[in-house]
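Structure at a glance
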Amino acid sequence: MKNLTLVFLLLSLGFLGTSCDSSKTNDQYSIVDSSFVLPEVRPFAQAHASTLTYLNNGDYLIAWFGGTKEKDDDVGIWLTQGNSKSWSEPIEIAKIREEPHWNPVLFRDKQDTIYLFFKVGKEIADWETWYIKSADEGKTWSEATELVAGDRGGRGPVRNKPIVLSNGDWIAGASNEQGVWRPFVDISKDAGKNWRRSAYFEFNVDSLGGEGMIQPTLWESENGQVHMLLRTSGGFIYRADSKDYGQTWNKPYPTVLPNPNSGIDLVKLDNGDLLLLYNPDKKNWGSRGDLHLARSKDNGTSWKDELILEHGDPEDEYSYPAIIQSGDYVALTYTWNRSNIAFKRLKK
């Protein structure tokens, strides 16, 4: 790693253009807080796949999976609380058995119950989905429960947060990696007690030149109009749309946003704008050394880069981002070279 400095450069860069303007306008976000979440001394070697939610006292909960390395049996789900000035000592909040744990997802419902979903299994194809929940701002947690008993391959949120639709349904972006990578959605009509999955989305895997598409990130533009962006092996982020609260979906189609087969996340702001975190390389299994924040003001039809969060060497890894809105702020986390979790808070 030659460049360890965070680059906070404001862009007005279109994906088909090359000019940029570093001047900030009142409508642009800038970084107001930035820190690493993990202490120098910690009980695991690697950390990856972070997730976050806000707390009512102004702090944040952040979770990730940590252990010797991804897929090792000692990998569990870890949790901290705090803000950019200080973070609590990490605790292992979930360890079902001595098998690798994966992809925690924090989600806060309308009644202020906080859920932590996660995967367990030796291989991704054999994943089970479990969850714990807290009714006291993360102070205490329930016993772990399997989301869909007996399921293998993964149900519920595979990596990104669920959203609550205008009709009250919970909808989670899901995917399965048993052979071809195939996305679907899981919907709960009773606040997470029961889940019903959609059919797999139809697409031509040969056109993607590799594995397929996974890990949807979701938003609702109008009542019943639900959309998703997808990580793919085809060099670009794909999109799919639903007109019936996520019950049925059109065939996913490519956007102009590049994707090196790496995780993405999106949040719809209160004003309707979309903010997306992504790695801007279009080679399958390409570089995760750059991490950008893009913004759309037209429901995802067009995008412009708002910030370059990281600009590193090609072998660096700034990946698996998570992003939420909390009041006037936007908060985000991401993997920092598998050795730490970076946290930033943005404001106009």
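Report follows, based on the coordinates. (Residues numbered from 1 in each chain as written. Predicted model: local features only at pLDDT ≥ 70, side-chain atom pairs only at ≥ 80, totals over all residues. Heavy atoms only, no water.)

Mapped onto the fold, Asp 316 is located in the loop between strand 23 (304–311) and strand 24 (318–326). Here Tyr 318 takes part through its side chain, which lies 3.4 Å from a polar atom of the side chain of Asp 316. (Helix = DSSP H or I, 4+ residues; strand = E, 2+ residues; numbered from the N terminus. Polar contact = N/O pair within 3.5 Å; in protein donor to acceptor, adjacent residues only side chain to side chain.)

Non-glycine residue Asn 261 carries a positive phi angle of around 65°. Relative to the elements of secondary structure, Asn 261 occurs in the loop between strand 19 (253–258) and strand 20 (265–268). Residue class for Asn 261 comes out buried when judged on its relative accessible area of 0%. The backbone phi angle of Asn 337 is positive, close to 55°, even though this residue is not glycine. Tracing the backbone through its elements, the reader meets Asn 337 in the loop between strand 25 (329–336) and strand 26 (340–347). (Buried < 20%, exposed > 50% of the residue type's maximum accessible area, 1.4 Å probe, protein only.)

Attention shifts here to the side chain of His 227. Inspection of the secondary structure puts His 227 in strand 17 (residues 225–232). A distance of 2.7 Å separates the side chain of His 227 from the side chain of Ser 221, its partner in a polar contact. Separated by 2.7 Å, the side chains of His 227 and Asp 241 make a polar contact. Contact partners of His 227, with chain neighbours within four places excluded, come to Thr 217, Leu 218, Trp 219, Ser 221, Arg 239, Ala 240, Asp 241, Trp 249 and Asn 299. (Contact = heavy atoms within 4.5 Å.)

A word on the nonpolar core. Formed by 21 residues in total, the largest nonpolar core has its most connected members in Leu 61, Leu 106, Leu 116 and Trp 141. For Leu 116, the contacting residues outside a window of four places in its chain are Ala 63, Ile 77, Ile 93, Pro 104, Val 105, Leu 106, Trp 130, Tyr 131, Ile 132 and Trp 141. Core analysis: the next-biggest nonpolar cluster, separate from the first, contains 17 residues, Leu 293, Leu 309, Ile 323 and Leu 332 among them. (Core = buried A, V, L, I, M, F, W, Y, C linked by side-chain atoms within 4.5 Å.)

Bringing the sheet that holds strand 17 into the picture now. The four strands lie next to each other as 16-17-18-19, forming an open sheet whose pairing is antiparallel. The sheet is open, and its two edges are formed by strand 16 (213–222) and strand 19, each paired on a single side. In this sheet, neighbouring strand axes are inclined to one another by 30° on average, regardless of whether the strands run parallel or antiparallel. Relative to strand 17, strand 16 runs antiparallel, the two sharing seven bridges. Paired with Thr 217 across the bridge in strand 17 is Leu 229. (Pairing = 2+ DSSP bridges. Axes fitted to C-alpha atoms, helices over the stretch in contact; angles between N-to-C directions.)

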